[in-house]
Structures are given as C-alpha cells and as structure tokens.
Amino acid sequence: MVTGVGTAHVAQKLVTTKGSVNNRVNCAAEHLKNDVKTAVPLLLAGGAAGIVAYKKPDYITKLAKATGNAIGKVGKFLAEKVFKKGFGTGLLNKILNNPTKAGAVGLIAAGGLWVINRLCKGSYNAGQIDQKYADAAKLEGTKNVILD
C-alpha cells in the first residue's frame, strides 16, 4: 500500500512539477520521503494494535478499563470541584459503572485523533515541499539557471 501510494505520488510530481528535470526529481524524492514518514508509523501502530488485540485481548480489556476509570474519576473531580454544581454527574456515574466501554470509546477516539494528526502533518509537509520546488522552478525560469 505504501509503495503504491508513494509511487503514484512520485510519478505525478515528475510529470506535473515545473522546472528542470533535476528540480522534478528532487521534488519527487522529497515527496516519497514524506509519504514514507507519514505512512509507516500509521501502519506499524495499526499492525501492533491488531496483533495485541488478536493475541492478548485481555490486555486491551484491562487498558480500556483503566482508561475508563481515569476518565470517570477526572470527570467526576471536575464536575464536583471545578463546576461545583454536579454538572454531568449522571453521565459520569454511568462511566464509572461500566468503565471498560467508556475506556474503549476513549481509546478509539484517541487513536483516531492521532491518525488525523499524522495525516495533517504529512499533508502540510507535502504543501511545503510543493511550494519550495515551485519557487525553485520559477527562479530557474527567470534567470536561466538550474538549481541543485
């Protein structure tokens, strides 16, 4: 999967990027490096989570329960001490009664946010790379100079 996406991205940059061949090759190489740096941690984390869930599901259950307990206790503290009106204590009591379910939801939400964060960083870096090589191509076009 990473190879297919990276190869397609590199081929696209070789064809669509303006400037000299050297500029296009450098742009494609940086995009390939960015694609790998973005995708590999996601694949490794997903694979590791899948293996642990398959081989040792009780670890996932314990982690979800501990996470649910932490969510419930922190929420109850905030509701009683910070808001001082018992804001949301009914929901928090439900979480504390079944912490495994709440912890699983919390872990899934945290994982989803981590994935979104990684993808956004990769997209931002891709835009920076495109801008760098578009500027280099523009400079080459105005001065008849090939940049390294």
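Residues numbered from 1 in each chain as written. Predicted model: local features only at pLDDT ≥ 70, side-chain atom pairs only at ≥ 80, totals over all residues. Heavy atoms only, no water.

1. As for the overall build of the chain
- Each helix and strand in the chain was counted, giving five helices and zero strands.
- Within the chain, the proportion of its 148 residues that are buried is 23%.
- Within the chain, contacts between residues separated by at least 24 positions form 66% of all contacts whose residues are at least 6 apart in sequence. (Helix = DSSP H or I, 4+ residues; strand = E, 2+ residues; numbered from the N terminus. Buried < 20%, exposed > 50% of the residue type's maximum accessible area, 1.4 Å probe, protein only. Contact = heavy atoms within 4.5 Å.)

2. Some words on helix α2 (residues 21–55)
- With 35 residues, α2 extends 50 Å from end C-alpha to end C-alpha; this agrees with the ideal 51 Å at 1.5 Å per step.
- Of the residues making up α2, those classed as buried are N23, C27, A28, H31, N34, D35, T38, A39 and L42. (Expected span 1.5 Å × (residues − 1).)

3. Quick notes on the pattern of salt bridges
- Overall, the coordinates contain one salt bridge when judged by the stated rule.
- Of the charged contacts, one joins E30 and K132 as a salt bridge, the two residues approaching to 3.0 Å between their closest N and O atoms. Here E30 is found in helix α2, whereas its partner K132 is found in helix α5 (residues 99–143), with 102 residues between them in sequence. (Salt bridge = Lys/Arg side-chain N within 4 Å of Asp/Glu carboxyl O.)

4. Considering the environment of S123
- Within the fold, S123 resides in helix α5.
- A sequence separation of 88 residues divides S123 from D35, and the C-alpha atoms of the two residues are 9.1 Å apart.

5. Re the environment of V52
- As for its placement among the helices and strands, V52 is situated in helix α2.
- Classification of V52 as partly exposed rests on a relative accessible area of 33%.
- If we skip the residues at most four places from it in the chain, V52 touches P57, Y59 and I60.

6. Some thoughts on a nonpolar patch on the surface
- A contiguous nonpolar surface patch, about 350 Å² in accessible area, is contributed by L14, V15, V21 and V25.
- Of the residues examined, V21 reaches a relative accessible area of 54% and is grouped as exposed. (Patch = residues over 30% accessible without salt bridge, like charges linked within 9 Å, V, L, I, M, F, W, Y side chains within 5 Å. Areas by Shrake-Rupley, 256 points an atom, 1.4 Å probe, with all protein chains shown as cover.)

7. Details of the confidence of the model for the chain
- Mean pLDDT over the chain: 81, with 84% of residues reaching 70 or higher.
- The weakest mean pLDDT in the chain belongs to helix α1 (residues 2–16) at 69; the strongest belongs to α2 at 88. (pLDDT = per-residue confidence, 0-100.)

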